[in-house]
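# Summary of structural features
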Amino acid sequence: MSKILIILCLSLAAIASSLNIQKGEIIAHTEVFGDSQINPSTKEINTFLTIQKEVESIRGKIYFDTITLISEKRDRDSNMYELLNFQKYKNISFDISGIVKNENGYDVNGDLTLNGITKNISTKGEIINNKDAILLKGGFSFNLTDFNLEPPTMFFLTVRNQIDISYNIQLKK
């Protein structure tokens, strides 16, 4: 029985193709109540993704090192890294477990891991399948407190709990 399972797993792996990142950006957005916006982003994205045939078969991990998040207010970035426990949890990841086509695009389902905590997330997006590349574009929101992170207070101003994420990632087939 175990030989049959091994052969089955190997044959499925042979059918899947790797997708490599060509370029991309992940942008986070939140606000400091009564002050300004905070929009850290990273273009230093890594992937371990596979596809069998259709875009709905894409599976795997998209991740980046927390320290690569950079905002327009660099003096606040060190506070952001501390909040995200970057010394202990070096990266933030999203593991794609399923993609479902709907009337407005796609639902990309998976697990977001942040601060050592994993939560199931569904993102709304579009997937464009070209000859040589696949473009993933979309967004989702979550609360800091869902990941045991307390929104910081700066000079009597509090950072909003909700974080909005947008992503634009081009993958090479």
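This text gives an overview of the structure that appears in the document. The structure presented is a predicted model; accordingly, all values stated were derived computationally and were not measured.

## Overview of the packing of aromatic side chains
Evaluated as defined, the whole model comprises 5 aromatic pairs. Relative to phenylalanine 86, the ring of tyrosine 81 lies with its centre 5.7 Å away and its plane at 55°, an arrangement referred to as tilted. Pairing phenylalanine 142 with phenylalanine 147 gives two aromatic rings, centres 5.3 Å apart and planes at 80°, and the pair type is edge-to-face. Accessibility classification places phenylalanine 142 together with phenylalanine 147 in one group, the buried group. Of the aromatic side chains, those joined through ring pairs into one cluster are Phe94, Phe140, Phe142 and Phe147. Sitting over the ring of tyrosine 106, lysine 101 keeps its end group 4.9 Å from the ring centre.

## Notes on the side chain of asparagine 115
Tracing the backbone through its elements, the reader meets asparagine 115 in the loop between strand E7 (105-114) and strand E8 (117-129). When its relative accessible area of 10% is taken as the criterion, asparagine 115 is described as buried. A distance of 2.9 Å separates the side chain of asparagine 115 from the backbone oxygen of phenylalanine 147, its partner in a polar contact. Asparagine 115 has contacts with Leu84, Asn85, Tyr89, Phe147, Asn148 and Leu149, leaving out every residue within four places of it along the chain.

Cut-off values and rules
- Residues numbered from 1 in each chain as written.
- Predicted model: local features only at pLDDT ≥ 70, side-chain atom pairs only at ≥ 80, totals over all residues.
- Heavy atoms only, no water.
- Phe/Tyr/Trp six-rings, centres within 6.5 Å; stacked < 30°, edge-to-face > 60°.
- Buried < 20%, exposed > 50% of the residue type's maximum accessible area, 1.4 Å probe, protein only.
- Lys NZ or Arg CZ within 6 Å of the ring centre and 35° of its normal.
- Helix = DSSP H or I, 4+ residues; strand = E, 2+ residues; numbered from the N terminus.
- Polar contact = N/O pair within 3.5 Å; in protein donor to acceptor, adjacent residues only side chain to side chain.
- Contact = heavy atoms within 4.5 Å.

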